[in-house]
Amino acid sequence: MRPLKGIVVLFSFFFSFYAAAQAQSESNAFAFKLKEPITLDGQLDEEIWTNAEGWNGNFKQYFPSDTSYSKIQTRIKIAFDDHNLYIAAVMENLGPRKYVSTSLRRDFRGEQNDAIVFVLDTFNDKTNAFSFGINPYGVQREGLISNGGNTSRDLSLAWDNKWYSEAIIFENHWQAEMIIPLSTIRFNDGTQNWNVNFYRIDSEYGERSTWTPIPRNVPIISTAFSRKLIFEEPIKKNSANISIIPYTAARTSSNFLEGTSERLTPAVGGDAKIGIGPALNLDLTFNPDFSQVEVDQQVTNLDRFEIFFPERRQFFLENADLFDSFGQMRSRPFFSRRIGVDIDSATGQNIQSKIIYGARLSGKVNEDWRIGAMNMQTATDEQAGAQGKNFTVLALQKKVFTRSNIGLIYVDRESLALDEFQQLFDPAAFNRLLGVDYNLNSADGKWTGKVYYHRTFESSKKESPYSFNAYMLFTDIHWNWSFSYQDIGQNFNPAVGFVPRVNFKRINPDVSYLFYPKSRLINRHGPKLEFEAYWNEEIGQTDRDINPGYLIRFNSLSELQITQRNRYIYLFRDFDPTRTGGDRLLAGTDYTNRTIQVEYKSNPRNVFNINLDAETGQYYTGNFSRFTSEMGVRMGYLANISMNFNYARIRLPKPQNDADLILVGPRIDLTFSKKVFWTTFIQYNNQIDNLNINTRLQWRYAPVSDFFLVYTDNYFPGDFLPKQRSLVLKLNYWLNI
């Protein structure tokens, strides 16, 4: 642990006080106490809105430049009473025009949408925030920002809650009126100020602008840059936030491979969300059902390791950053998709295990401390020989310095005992993890980093059951460089985590530089160099990548990137490069391959847009060409039709197999109104010899309350013989008490 302590101290000493946040010459925002009620209609004709005082404007450009004021004016005004926060926004234009909305479905995302977004840092920690947005057609989105908003992944739109809004389009502007219940958000009771920022996305001029200036080299959701929202008097919570979300569902399915079927089976269950104090939330679930979740988008796997698929189940997503922020992408101590999955003792295949209940307490204790605690229980499946599991996760996070934090995590998976043990849990089948993470975020957003040490514990003592990582990233307007060192022991085994490989050490320095030309066509461009190497004590070097490249981003929001890849791979297990059951390359052999990769993303505001990723060159003992494309056509906000097409052509000398791997995935997303949606997703994958059809009808008959009808089918693509088929109906209702 001495190296870990030294690195943490070094990070803190040099970088936590690197720079103060950018000083703002403009004034803060002011929230007025309402004297008369507001009618939510989007008209802004109440006295609080017609008064010229108190409007916040003078938005600065974020893109394409960050050195001038916005071409188009935006004005925001905020009010409150004992129960609600009220926001009015006026988005002006230079003349009549049309607006882009990719859909009328809630939680829109992307640079192509017109929208105004409000970021509320209610605990003034410049690390976590609530985000509320609306577009000209009145489509809402709400989300949670974590980890300082350092990357686009730090914005999660999975969080749902009730709030209300209306938008109206006029000839030369559009405007919005919003009511956010104070019970919906968490804040310190009796506080008189929050950190806030507002940003606007405009499709006509390709412009993004912010109330508080943000450098264009950092994400627009960054919480490092904000100003104060000062309330006319301290705000308090006068009502509890208690929501009951019951559901009823029915399911029928057939498994043609095994000759089994499931009759139409009803189910009931539900969730409850209970506010505890001003800043904690207790989530409860009983007999949860996740039928409305779409199937995973399949990929062509040319790698030697397990592929990560993100969590999609709603219960696990709210406040997920408290648990998911530990570790990093190659070593996650907690991965919620392990819950509800078990192994059939006869076949060794993954099977779904029924979740009986779940409980999660999460949120802020005060401005410096966050806590998360979760417990879930799955049922025993005697037919599959799978014992029920109990999962416990505890997370504790303490803010240090301006925006950094240190956290502790504990994960415990216990298996229910067989009768001979005469106790609740099997003493020989537990898996536990204990870890500590330090997350660095400098005040000015230029320095970010992470150091962690995790260790697993099982019934038998094992050598080197640890995972360690130290990472540092610096970014400014021109330079972006990072350095990472990782060490995972050979017996590190987080059974409730995600670790695709163990027993390696990894070093990964990257550097890039950006030029900003005075050009109507090109917004920025520059070179990059990536280096990555893996090794272990037994073999030595096992992997190495040296990848020079060049990036060009255009003012139209399109991008072009060219990379020359140089790979070295040592096989420590026999491996079939095509994954088609052919002869394997032998363990102990090594390969050096060179390829060229071209990536292109078109202007997302266009009616027709396309993303391309092509790579060609050497592949183990032969060569390959890989082509991935995603093409989309947008028909206003009524329909989005897209086609994912992946093709990999692999040619290897005998006795290995050649392969032509094809993955085709058309998707049709229809929006009939802001309440009725129909999505159909088809996936043909010849690597796994499967044709999958998933179609889902959603009717949002009340705020955050839905009826789902989901049909899923799987076929053998050659003769269209069925494999598995299911039909699910589900009805849930969100009731605030």
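Residues numbered from 1 in each chain as written. Predicted model: local features only at pLDDT ≥ 70, side-chain atom pairs only at ≥ 80, totals over all residues. Heavy atoms only, no water.

J.: Give me the overall build of the chain: which residues, what numbers.
T.: The number of helices and strands found in the chain is four helices and 40 strands. Computed over its C-alpha atoms, the radius of gyration of the chain comes to 27 Å, within 12% of the 27 Å expected for a compact globule of 737 residues. Overall size of the chain, expressed as C-alpha extent along the three principal axes, is 80 × 60 × 60 Å. Taken across its 737 residues, the chain has 53% of its residues classed as buried. Surface accessibility of the chain: about 32,800 Å² in total, with carbon and sulfur atoms responsible for 56%. Between the mean site of the 80 positive side-chain charges and the mean site of the 81 negative ones, the chain shows a separation of 3 Å. (Helix = DSSP H or I, 4+ residues; strand = E, 2+ residues; numbered from the N terminus. Rg over C-alpha atoms; globule rule 2.2 N^0.38 Å. Buried < 20%, exposed > 50% of the residue type's maximum accessible area, 1.4 Å probe, protein only. Areas by Shrake-Rupley, 256 points an atom, 1.4 Å probe, with all protein chains shown as cover. Lys, Arg positive; Asp, Glu negative; His and termini not counted. Charge placed at Lys NZ, Arg CZ, Asp CG, Glu CD.)

J.: Explain the environment of N606 to me, and be specific about the residues and the numbers.
T.: Counting through the fold element by element, N606 comes out in the loop between β31 (590–601) and β32 (608–619). Linking N606 and S556, residues 50 residues apart in sequence, is a C-alpha distance of 9.7 Å.

J.: Give a description of a nonpolar patch on the surface that names residues and reports values.
T.: A grouping of L264, F672, W678, L697, L709, L727 and L729 is seen on the molecular surface, where their side chains present a nonpolar patch of about 590 Å² in accessible area. On the secondary structure map, L709 appears in strand β38 (residues 705–715). (Patch = residues over 30% accessible without salt bridge, like charges linked within 9 Å, V, L, I, M, F, W, Y side chains within 5 Å. Salt bridge = Lys/Arg side-chain N within 4 Å of Asp/Glu carboxyl O.)

J.: Now, about the nonpolar core: what can you tell me, with residues and values included?
T.: Formed by 35 residues in total, the largest nonpolar core has its most connected members in I76, L85, I116, F132 and W194. For this core, the elements supplying multiple residues, two or more each, are β1 (29–33), β3 (74–80), β4 (84–92), β5 (115–121), β6 (129–134), β10 (173–181), β11 (193–202) and β13 (227–231). Membership of the second largest hydrophobic core comes to 20 residues, among which are I409, V411, V496 and F504. (Core = buried A, V, L, I, M, F, W, Y, C linked by side-chain atoms within 4.5 Å.)

J.: Talk me through the pairing of strand β27 (residues 504–513); I want residue IDs and the actual numbers.
T.: Bridge count for strand β26 (residues 479–488) against β27 is 10 bridges, and the pairing is antiparallel. Bridge pairing links Q486 to R506 in β27. Bridge count between β27 and strand β28 (residues 522–536): six bridges; the pairing is antiparallel. If you follow I507 over to β28, its bridge partner there is A533. (Pairing = 2+ DSSP bridges.)

J.: Please set out the environment of F334 residue by residue, giving values where relevant.
T.: Summarising the element assignment, F334 is placed in the loop between α4 (321–324) and β17 (341–343). What makes F334 buried here is its relative accessible area of 4%. Linking F334 and V499, residues 165 residues apart in sequence, is a C-alpha distance of 9.9 Å. The contacts of F334, once residues within four sequence positions are left out, are F323, D324, I339, M374, V393, I409, V411, V496 and G497. (Contact = heavy atoms within 4.5 Å.)

J.: Break down the pattern of salt bridges for me, with residues and values.
T.: On inspection of all chains with the given rule, the structure shows 33 salt bridges. Ionic pairing is found between R553 and E111, a salt bridge with its closest N-O pair at 2.8 Å. In this pair, R553 sits in strand β29 (residues 540–554) while E111 sits in the loop between β4 and β5, placing the two residues 442 residues apart along the sequence. Residue E111 is classed as partly exposed on the basis of its relative accessible area of 24%.

J.: So what's going on with unusual backbone geometry? Which residues, and what values?
T.: F63 connects to P64 through a cis peptide bond whose omega is 10°. Within the secondary structure, P64 is located in the loop between β2 (60–63) and β3. For the bond from K654 to P655, the omega torsion is 10°, close enough to zero to count as cis. Along the chain, P655 falls in the loop between β34 (639–651) and β35 (659–671). Positioned with a positive phi, N58 is a non-glycine residue whose angle comes to about 55°. Positionally, N58 belongs in the loop between α2 (47–50) and β2. At D107, a residue that is not glycine, the phi angle is positive and equals roughly 70°.

J.: Please provide a residue-by-residue account of the packing of aromatic side chains, values included.
T.: The relative placement of two aromatic rings is captured by the distance of their centres and the angle of their planes. Applying the stated criterion across every chain, the model contains 28 aromatic pairs. On the numbers, 5.5 Å between centres and 55° between planes, the contact of W699 with Y701 is tilted. When its relative accessible area of 44% is taken as the criterion, W699 is described as partly exposed. What makes Y701 partly exposed here is its relative accessible area of 25%. One aromatic cluster is present, built from ring pairs that chain together F575, Y591, Y619, Y620 and F624. Taking NZ or CZ as reference, K77 lies 5.3 Å from the ring centre of F32, over its face. (Phe/Tyr/Trp six-rings, centres within 6.5 Å; stacked < 30°, edge-to-face > 60°. Lys NZ or Arg CZ within 6 Å of the ring centre and 35° of its normal.)

J.: Tell me about the side chain of N566, and name the residues and values.
T.: Of note, N566 is situated in strand β30 (residues 559–570). Within the local environment of N566, its side chain forms a polar contact with the side chain of R594, the two groups lying 3.5 Å apart. The residues touching N566, leaving out its near neighbours within four places in the chain, are R544, D545, I546, N547, P548, N593 and R594. (Polar contact = N/O pair within 3.5 Å; in protein donor to acceptor, adjacent residues only side chain to side chain.)

J.: Run through the confidence of the model for the chain, naming residues and quoting values.
T.: Across the chain, pLDDT averages 88, with 90% of residues at or above 70. Ignoring residues within four places in sequence, the model shows residues 1–25, a span with pLDDT below 50, making 48 contacts including any to other chains. In the predicted structure, residues 304–308 sits below a pLDDT of 50 and forms 24 contacts with residues beyond four places in sequence or in another chain. (pLDDT = per-residue confidence, 0-100.)

J.: Can you break down the pairing of strand β16 (residues 280–286) residue by residue, with the values?
T.: Where strand β15 (residues 260–276) and β16 come together, seven bridges link them in antiparallel fashion. Bridge pairing links G275 to N281 in β16. Once β15 ends, the chain turns through three residues before running back antiparallel as β16, passing G277 with a positive phi of about 70°. Where β16 and strand β19 (residues 355–364) come together, seven bridges link them in antiparallel fashion. Bridge pairing in β19 places L282 opposite L361.

J.: Tell me what's going on with the environment of D476, and back it up with residues and numbers.
T.: Take D476: it is sitting in the loop between β25 (466–475) and β26. Considered as a pair, D476 and Y513 are 37 residues apart in the sequence and their alpha carbons are 9.6 Å apart. Contacts of D476, omitting those with residues within four sequence positions, involve N217 and K446. Separated by 2.6 Å, the side chain of D476 and the backbone nitrogen of W479 make a polar contact.

J.: Hey, could you go over the side chain of R506 for me, with residue numbers and the actual values?
T.: With respect to the helices, strands and loops of the structure, R506 is situated in strand β27. Within the structure, R506 has its side chain in polar contact with the side chain of Y534 (distance 3.5 Å). Beyond its immediate stretch of four places on either side in the chain, R506 contacts R330, S484, Y485, Q486, E532, A533, Y534 and W535.

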